[in-house]
Amino acid sequence: MIFPRRAVCVAVLTLVLIPVTTQQAEARPRKQSQAASVALARHMLAHLKVARSLSIRGYSRNRFQPQWENRRGRCSTRELVLARDGRGVRRNAACRPVKGLWYSPYDGRRLRSERQVDVDHVVPLAHAWRSGAKRWSQAKRRAFANDLVRPELLTVSHSANIAKGGQGPQSWRPQRRAYWCRYATSWITVKHHYRLFVTRKEKVALTNMLRTC
């Protein structure tokens, strides 16, 4: 009778341990993926040109984006981002969201109305202008403002977007410290792709934010 009892105990322990080890196995790739992303961000940051900000003279939002670009039928870039970042999003015939739930990673707010959300340019247009975009063609600036590939567009609360304005990480950071790592890696990724430079204070701020990863 000893052996059957031992078999039962082993079977119970196996059932208990399998979910734990499975969760641990799933967590490892996520940690490895984050570590790789942070390492890449540090590498890209080290290779960004450091320079003084250019003059804001001549800047206008219209130099980047007279309006959101239509991408799929009647759907603009903004509407595609809201659909991508939201849950249970319903759109009307003109593609405008009329219902949905959005999470703002900057301040942790959950928003149930399209009127409460904004699509933020992670690297603000005015900041990009002073980081080298003023020397770009109109077509390149428009592509930057509507980029759905790089982590440049993000759904956030209207209040967080207003508070941020055109500021860089040396003078503004997300209210949620838990998002600093993601914010810094996104900022660096965008600047590296478009070969925009950083100021010395900006680089220090990004380096400090990466330490929270």
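Whatever comes next refers back to the structure up there.
This report concerns the structure included in the present document. (Residues numbered from 1 in each chain as written. Predicted model: local features only at pLDDT ≥ 70, side-chain atom pairs only at ≥ 80, totals over all residues. Heavy atoms only, no water.)

Quick look at the nonpolar core now. Judged by nonpolar contacts, the single largest core of 32 residues is most densely connected at Phe-64, Tyr-106, Phe-144 and Tyr-183. Those elements that provide at least two residues to this core are α1 (2-46), α3 (125-130), α4 (138-145), β7 (153-157), α6 (180-194) and α7 (200-210). At seven residues, the largest contribution of residues to this core is made by α6. In contact with Phe-144, not counting residues within four places along its chain, are Phe-64, Val-123, Leu-125, Ala-128, Trp-136, Glu-152, Val-190, Tyr-194 and Leu-196. (Core = buried A, V, L, I, M, F, W, Y, C linked by side-chain atoms within 4.5 Å. Buried < 20%, exposed > 50% of the residue type's maximum accessible area, 1.4 Å probe, protein only. Helix = DSSP H or I, 4+ residues; strand = E, 2+ residues; numbered from the N terminus. Contact = heavy atoms within 4.5 Å.)

The next point concerns the sheet that holds strand β5 (residues 109-111). The antiparallel open sheet is built from three strands, whose spatial order is β3-β4-β5. The sheet terminates laterally at β3 (87-91) and β5, the two strands that pair on one side only. This sheet shows a mean twist of 20° between the axes of neighbouring strands, independent of strand direction. Here three bridges tie strand β4 (residues 97-104) to β5, and the two strands are oriented antiparallel to one another. (Pairing = 2+ DSSP bridges. Axes fitted to C-alpha atoms, helices over the stretch in contact; angles between N-to-C directions.)

Closest axis-to-axis distance for the α6/α7 pair is 8 Å, and the angle between their directions is 135°. As summarised for this structure, α6 and α7 are arranged oblique, according to the angle between their axes. Remark: the crossing between α6 and α7 carries left-handed chirality. Along the contact surface, α6 presents Trp-180, Cys-181, Tyr-183, Ala-184, Thr-185, Trp-187, Ile-188 and Lys-191, while α7 presents Glu-202, Leu-206, Met-209 and Leu-210. A breakdown of the residues in the contact of α6 with α7 according to their chemical character gives nine nonpolar, one polar and two charged. (Parallel < 35°, antiparallel > 145°, perpendicular 65-115°, else oblique. Left-handed = near helix turned anticlockwise from the far one by under 90°. Nonpolar A, V, L, I, M, F, W, Y, C, P; charged D, E, K, R; others polar.)

With that out of the way, let us pick up the pattern of salt bridges. A complete count under the given rule lists eight salt bridges for this structure. Note that Arg-78 and Glu-114 form a salt bridge whose closest N and O atoms lie 2.8 Å from each other. One end of the pair, Arg-78, is in helix α2 (residues 77-85); the other, Glu-114, is in the loop between β5 and β6 (117-121), with 36 residues separating them in the sequence. As far as the burial class goes, Arg-78 and Glu-114 line up, both buried. Close ionic contact of Arg-84 with Asp-85 constitutes a salt bridge, the shortest N to O distance being 2.7 Å. Given the relative accessible area of 44%, Arg-84 is considered partly exposed. The network of salt bridges with common partners includes Glu-69, Arg-71 and Arg-142. (Salt bridge = Lys/Arg side-chain N within 4 Å of Asp/Glu carboxyl O.)

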